[in-house]
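In case you want the letters, here they are:
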Amino acid sequence: LRMEWNPDEATTIIFRPNVSFYSNDRDERGDFHTRTELSGDTVNHGNSEYFSEGDGRNYGGNLDISRKLGKEGRVLSAQLRLNRGESDNEGTSVSNTFYGGTRPDDIIDQRFTNTSDNTSWRAYISYVEPIGRNNFLQLAYEYGRNVSESDKDTRSRDEFGEYTVLDSLYSKRLENNFVNQEVELNFRAVRENYDYMLGVSMEPSGSRSKTFIGTDLIDDTKQDVLNFAPMAQLNYRWSRTHNLRLRYWGRTDQPSVTQLSPVVDVSDPLNIRYGNPDLKPSFQHQFNIRYQRSNPEKASSISAYLNGGYL
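Predicted, not measured: the structure shown is a model, and the values here were computed from it.

> Would you mind going over the overall build of the chain with me for this structure?
Broken down by element type, the chain carries one helix and 13 strands. Scanning the chain from its N terminus toward the C terminus, one meets helices and strands in the order β-β-β-β-β-β-β-β-β-β-β-α-β-β. When each of the 311 residues of the chain is scored for burial, the buried share is 32%. Counting only contacts in the chain whose residues sit at least 6 apart along the sequence, the fraction spanning at least 24 positions is 61%. Split by element, the accessible area of the chain, about 19500 Å² in all, is 52% carbon and sulfur. Seen as two clouds, the 37 positive and the 45 negative side-chain charges of the chain have centres 12 Å apart.

> Before we go on, may I ask you to explain the pattern of salt bridges in this structure?
Side chains carrying opposite charge are able to pair once their charged atoms draw close together. Counted under the stated rule, the structure contains 21 salt bridges. Two residues, Glu4 and Arg2, come together in a salt bridge whose shortest N-O distance is 3.0 Å. When the shortest N-O distance is used, the salt bridge between Arg237 and Asp195 registers 2.6 Å. Taken as a pair, Arg237 in strand β10 (residues 216–239) and Asp195 in strand β9 (residues 194–213) lie far apart in primary sequence, 42 residues in all. Overall, Asp195 belongs to the buried group, its relative accessible area being 6%.

> Could you clarify how one ought to interpret the pairing of strand β12 (residues 282–295) in this entry?
Residues in a regular strand point their side chains to alternate faces of the sheet. The sheet contact formed by strand β11 (residues 242–253) and β12 spans twelve bridges and is antiparallel. Residue pairing across strands places Gly250 opposite His285, the latter belonging to β12. As paired elements, β12 and strand β13 (residues 300–310) share eleven bridges and run antiparallel to each other. Bridging across to β13, Phe287 finds its partner in Gly308.

> Would you explain the packing of aromatic side chains in this entry?
The geometry of two aromatic rings is summed up by the distance between their centres and the angle between their planes. By the definition in use, this model includes six aromatic pairs. With 5.7 Å between their ring centres and 20 degrees between their planes, Tyr50 and Phe112 make a pair best called stacked. A residue pair is termed long-range when its members are at least 10 positions apart, and Tyr50 in strand β3 (residues 42–68) and Phe112 in strand β5 (residues 106–130) qualify at 62 residues. An identical accessibility class is assigned to Tyr50 and Phe112; each is buried. Ring geometry for Tyr194 against Tyr196: centres 6.5 Å apart, planes inclined by 15 degrees, an arrangement best described as stacked. Given a relative accessible area of 32%, Tyr194 falls into the partly exposed group.

> Which parts of the structure should I look at to understand unusual backbone geometry?
Both trends apply: most residues other than glycine have a negative phi, and most peptide bonds are in trans. Positive phi values are uncommon outside glycine, yet Asn134 reaches one of about 60 degrees. For Ala299, which is not glycine, the phi torsion reads 55 degrees and is therefore positive. Examined against the element boundaries, Ala299 turns out to sit in the loop between β12 and β13.

> Looking at this model, I keep getting lost on the side chain of Gln284. Mind explaining?
Assignment of secondary structure puts Gln284 in strand β12. Under the relative-accessibility criterion, Gln284 is labelled buried at 18%. Those residues within four positions of Gln284 in sequence are excluded, and the remaining contacts are Trp249, Gly250, Arg251, Asp253, Gly309, Tyr310 and Leu311.

> How do you make sense of the environment of Leu217 when you look at a structure like this?
Relative to the helices and strands, Leu217 resides in strand β10. It is 9.3 Å that separates the C-alpha atoms of Leu217 and Arg173, two residues lying 44 residues apart in sequence. Residues contacting Leu217, with those up to four places away along its chain left out, are Lys210, Thr211 and Phe212.

> It is not clear to me how the pairing of β11 should be interpreted in this structure. Could you clarify?
Pairing geometry for β10 and β11, over seven bridges, is antiparallel. Opposite Arg237, over in β11, you have Asn243 as the bridge partner.

> What is the right way to look at the side chain of His242 in this model?
By secondary structure assignment, the location of His242 is in strand β11. Each residue touching His242, except ones within four places of it in the same chain, is listed here: Tyr236, Arg237, Tyr291, Gln292 and Arg293.

> I tried to follow the environment of Phe287 on my own but got confused; where do I start?
Note on placement: Phe287 falls in strand β12. Judged by its relative accessible area of 38%, Phe287 is partly exposed. In this structure, the C-alpha to C-alpha distance between Phe287 and Gly309, residues 22 residues apart in sequence, is 6.2 Å. Apart from the residues within four sequence positions on either side, Phe287 is in contact with Arg247, Tyr248, Trp249, Leu306, Asn307 and Gly308.

Rules of the game
Residues numbered from 1 in each chain as written. Predicted model: local features only at pLDDT ≥ 70, side-chain atom pairs only at ≥ 80, totals over all residues. Heavy atoms only, no water. Helix = DSSP H or I, 4+ residues; strand = E, 2+ residues; numbered from the N terminus. Buried < 20%, exposed > 50% of the residue type's maximum accessible area, 1.4 Å probe, protein only. Contact = heavy atoms within 4.5 Å. Areas by Shrake-Rupley, 256 points an atom, 1.4 Å probe, with all protein chains shown as cover. Lys, Arg positive; Asp, Glu negative; His and termini not counted. Charge placed at Lys NZ, Arg CZ, Asp CG, Glu CD. Salt bridge = Lys/Arg side-chain N within 4 Å of Asp/Glu carboxyl O. Pairing = 2+ DSSP bridges. Phe/Tyr/Trp six-rings, centres within 6.5 Å; stacked < 30°, edge-to-face > 60°.

Shown next as C-alpha cells:
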C-alpha cells in the first residue's frame, strides 16, 4: 500500500506499510560413510533424519516527508523506517555416527524449538542548500538500531523416553543490540549534459551480544567500529533516452543472528555449523555501472549493468 499526501505545494508526505507471512517445512534423510583415500578403509558411517516446520511474519512501514524551503533547490527531508520480524520453528534431529575404533560413537536424538524475533528502525534527516548556479551541498544524518533475539531449546530423552532433558550444548539464547550511525556530506553539480556527486560519510557502529543457557549468562561481547566511506557518482546524458551512470559507495552490514549465534546445528553430524558471537560488522566497497538507451517510437530499449564489490 502507498499513500501520498500534499498538504501544500511545498510539502510531500508518503507512507508505505507492508506485511508478509510465510511457512516452511524441511525434511532430510541420509546415509553416509567416509573412507581413507589410499587404503579405502572406512573411517565412519551412519545415518541421519532431520525434520522441522514453522512459520513467520514480517511487518513494518516507511514514512517519507520532504519540504521545499523557499529558495529553489533548498530542501529539508526526513525518513523513518520500522520493521518487525518473528518466526517459530520446531522439529526433531536424529543421527547415528559410528567410528569403529576407540572414539565413542555419536548418537543424537533431539527435539527442538527455535524462536527468533527482530526489530529494526532507522531515522534519516537531510538538508540540501543550493550554492551558486546548479550546485548543491547536502548534509545528512542517520541513526539506526536493530534488536534481535534467537532462542533454541533442545531436549533429549529421559529414562521414560520423553523429551524432557535440557541439552545445554545445543540450547542457547542469543540477544544482540546493534546501533549504526552515519554522518554524510555531499556536493552535487548539475550541468547541461551531465551531473556528478562527491561525498564522504563517517559511520560509527556498536554491537553488543549476550549468550545465555537457561538464565545463566555465558558470554557478553561488545564491539565498537568506526568506518569512513567515500561516495562518487557521475550521470552522463547524450539525450533524454540515452544515458550512462557510474557510482561508487561504501556500506556497513551487521552480522545476522545465525552468524552470531554459537548454537550448534547438528542436522549434518559430519558438517556441524555454528556462529561466531565475536563476529564484527563488515564494510563493503561497491561499484556500479549502468548504461541505458531507448527508442520510444519503436518501443525498444537496451540496458547493460556491471556491479562489483570488495569486502
